[in-house]
Amino acid sequence: MKSLGLRNCLCVTDAALKTFAQNCRNIEALNLTSCNKITDVTCQNLGHYSHRLSRLILESCESITDNSLIALSEGCPNLETISISWCKKVTDEGVTTLIRKCPKLTTFVATGCNQLTNLSVKEIGLHCHRLRYLKLQDCSNITDESVVSIGQGCPLLTSVFLSGCSRLTDISLISLGKGCCEIRTFEVAHCSQFTDSGFEALTKHSHKFEKMDLEECIQITDTTINHLAMQCPRLSQLSLSYCELVTDSGIHHLTSSACGADTLTVLELDNCPLISDVSLGHLAVCSRLRRLELYDCQQISRAAIHRIQNSLPNLKVQAYFAPLTPPPAAGGRRRRFCRCCAIV
């Protein structure tokens, strides 16, 4: 057996996995997501018996600590993929040891590991030169120091997830733009210190972006949209939700570009108060557009939504309008209405 998935198998124990490791020494891929009964003992056994292991998913294994990563680093030098998302007991010590001893890593996932700091994350750039997929969402302690190291040492990156890393600034975008020109998926939601200047630098040399999540990058304006429109012809999915400075002019730049006409399939504009019916008129030319989100866009009308749906019959629009105040009912009492959204 080379691959085994035990995702959400809540009754699996260390003892069972020890028997497995002893008898299935050719295992290469193992998924233990949410196997909450396992502890460091399992990883110690994997390190002892499973020397061919290349892919290990430990997501939401709450009892895993640095001792697990140290054991894996000593016994599984062929690791290429490791996920420790939501293993909140893991610290810099374990991650540093793993990264230094597993130079073949191509995928590193550590969402929600909020004890990690620059001390360990910058080691990724120093040792993981084959890395292609990096997910550090909600690692809120890391700063530009980490991302600069990654930008200098990981030129093969194609997917970068840094949403919730709120201490990052344009310095991070500049470094990734210079050193990581293969990025296709880029998610930086809630990174509120990024500005137009940073995205200009990011897109100056990197033109392969296909999916970008810029939700709540609250300082960006139409200038950033213009850079994306001019420099990213492959862009197919874009989230600008809560980017409250984006206007109809920015959407016009987007729809007039190569990506708007040929590749754009998903556009999220929730809570963009300056977006109006004019933008929907521009978007009508995006023949590949399949999903458009407009929640809390107060200047968008039902009539404009109906017009774009007539132009693009395959488009699904998600929006809502506050219900009208009902007229007084007979007897002076008003009928009670649910204050829910009206989905279009």
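Cut-offs and rules
Residues numbered from 1 in each chain as written. Predicted model: local features only at pLDDT ≥ 70, side-chain atom pairs only at ≥ 80, totals over all residues. Heavy atoms only, no water. Helix = DSSP H or I, 4+ residues; strand = E, 2+ residues; numbered from the N terminus. Contact = heavy atoms within 4.5 Å. Areas by Shrake-Rupley, 256 points an atom, 1.4 Å probe, with all protein chains shown as cover. Lys, Arg positive; Asp, Glu negative; His and termini not counted. Charge placed at Lys NZ, Arg CZ, Asp CG, Glu CD. Buried < 20%, exposed > 50% of the residue type's maximum accessible area, 1.4 Å probe, protein only. Salt bridge = Lys/Arg side-chain N within 4 Å of Asp/Glu carboxyl O. Core = buried A, V, L, I, M, F, W, Y, C linked by side-chain atoms within 4.5 Å. Phe/Tyr/Trp six-rings, centres within 6.5 Å; stacked < 30°, edge-to-face > 60°. Lys NZ or Arg CZ within 6 Å of the ring centre and 35° of its normal. pLDDT = per-residue confidence, 0-100. Axes fitted to C-alpha atoms, helices over the stretch in contact; angles between N-to-C directions. Parallel < 35°, antiparallel > 145°, perpendicular 65-115°, else oblique. Nonpolar A, V, L, I, M, F, W, Y, C, P; charged D, E, K, R; others polar. Polar contact = N/O pair within 3.5 Å; in protein donor to acceptor, adjacent residues only side chain to side chain.

Participant: Sorry, what's going on with the overall build of the protein chain here?
Facilitator: Along the protein chain, the regular secondary structure elements total 13 helices and 13 strands. Partitioning the contacts of the protein chain with sequence separation of at least 6, the portion at a separation of at least 24 is 78%. If you sum the accessible surface of the protein chain, you get close to 15200 Å²; carbon and sulfur atoms cover 49% of it. Charge separation in the protein chain, taken as the distance between the mean sites of 34 positive and 32 negative side-chain charges, equals 7 Å.

Participant: Hey, could you run me through the side chain of Asp248 in this one?
Facilitator: Among the secondary structure elements, Asp248 is positioned in helix H10 (residues 248-255). The side chain of Asp248 is buried and forms no salt bridge, while Arg307, the nearest opposite charge, is found at 11 Å. Once residues within four sequence positions are removed from consideration, Asp248 is found in contact with Leu274, Ile275, Ser276, Val278, Ser279 and His282.

Participant: Please clarify how the nonpolar core should be interpreted in this entry.
Facilitator: Side chains that are nonpolar tend, in soluble globular proteins, to be buried together. Formed by 99 residues in total, the largest nonpolar core has its most connected members in Leu58, Leu72, Ile84, Phe108 and Phe186. Excluding its chain neighbours within four sequence positions, the residues that come into contact with Phe108 are Ile82, Ile84, Val95, Ile124, Leu131, Tyr133, Leu134, Lys135 and Leu136.

Participant: Looking at this structure, I do not really get the pattern of salt bridges. What am I missing?
Facilitator: Any two side chains of opposite charge can pair, on the condition that their charged atoms come close. Under the definition given, this model contains seven salt bridges. When the shortest N-O distance is used, the salt bridge between Arg184 and Glu182 registers 3.8 Å. You can call Glu182 partly exposed: its relative accessible area is 27%. Each of Glu182, Arg184 and Lys208 takes part in one network of salt bridges that share partners.

Participant: Could you clarify how one ought to interpret the packing of aromatic side chains in this entry?
Facilitator: Applying the stated criterion across every chain yields a total of four aromatic pairs. The side chain of Lys135 reaches across the aromatic face of Phe161, ending 4.9 Å from its centre.

Participant: When you look at the confidence of the model for the protein chain in this model, what are you seeing that I'm missing?
Facilitator: Close reading of the predicted structure is inappropriate where its pLDDT is low. Of all residues in the protein chain, 93% have pLDDT values of 70 or greater, and the mean over the chain is 94. Every residue in residues 330-343 scores below 50 in pLDDT, and together they form 18 contacts with partners more than four places removed in sequence or on other chains.

Participant: What's the story with the packing of helix H9 (residues 222-231) against H10 in this structure? I'm lost.
Facilitator: When two helices pack together, their arrangement is given by the angle between the helix axes and the distance between those axes. Orientation of H9 relative to H10, taken along the N-to-C sense of each, is 0°, at an axis distance of 8 Å. For the element pair H9 / H10, the angle class is roughly parallel. In this structure, H9 uses Asp222, Ile225, Asn226 and Ala229 to contact H10, whose residues at the interface are Ser249, Gly250, His253 and Leu254. Here the contact of H9 with H10 is built from residues that sort into three nonpolar, four polar and one charged.

Participant: What is the right way to look at the side chain of Thr33 in this model?
Facilitator: One can find Thr33 in the loop between strand E2 (29-31) and helix H2 (40-49). At 2.7 Å, the side chain of Thr33 and the side chain of Asn31 are in polar contact.

Participant: What is the right way to look at the environment of Ile183 in this model?
Facilitator: Considering the arrangement of structural elements, one finds Ile183 in the loop between helix H7 (170-179) and strand E8 (185-187). Taking the C-alpha atoms as reference points, Ile183 and His252, 69 residues apart in sequence, are found 25 Å from one another. Not counting residues up to four positions away in its chain, the partners in contact with Ile183 are Leu157, Thr158, Val160, Lys208 and Phe209.

Participant: How should helix H5 (residues 118-127) be read in this particular structure?
Facilitator: Since there are 3.6 residues in each turn of an α-helix, residues three or four apart along the chain are aligned in direction. Three or more residues of H5 are buried, namely Asn118, Ser120, Val121, Glu123, Ile124 and Gly125. Each element contacted by the buried residues of H5 is listed here: helix H4 (92-101), strand E5 (107-109), strand E6 (133-135) and helix H6 (144-153).

Participant: Quick question: what am I supposed to make of the environment of Ile225 here?
Facilitator: Turning to its location among the elements, Ile225 is positioned in helix H9. On the accessibility criterion, Ile225 (0% relative accessible area) is buried. Separated by 125 residues in sequence, Ile225 and Arg100 have C-alpha atoms that sit 39 Å apart. Setting aside its immediate chain neighbours within four residues, Ile225 contacts Leu240, Val246, Gly250 and Leu254.

Participant: Please explain the packing of H5 against H6 as it appears in this structure.
Facilitator: At a minimum axis separation of 7 Å, H5 and H6 run at an interaxial angle of 10°. Taken together, the axes of H5 and H6 lie roughly parallel to each other. The segment H5 lies against H6, with Asn118, Val121, Lys122, Ile124, Gly125 and Leu126 engaging Glu145, Ser146, Ser149, Ile150 and Gly153. When grouped by side-chain class, the residues that make up the contact of H5 with H6 number four nonpolar, five polar and two charged.

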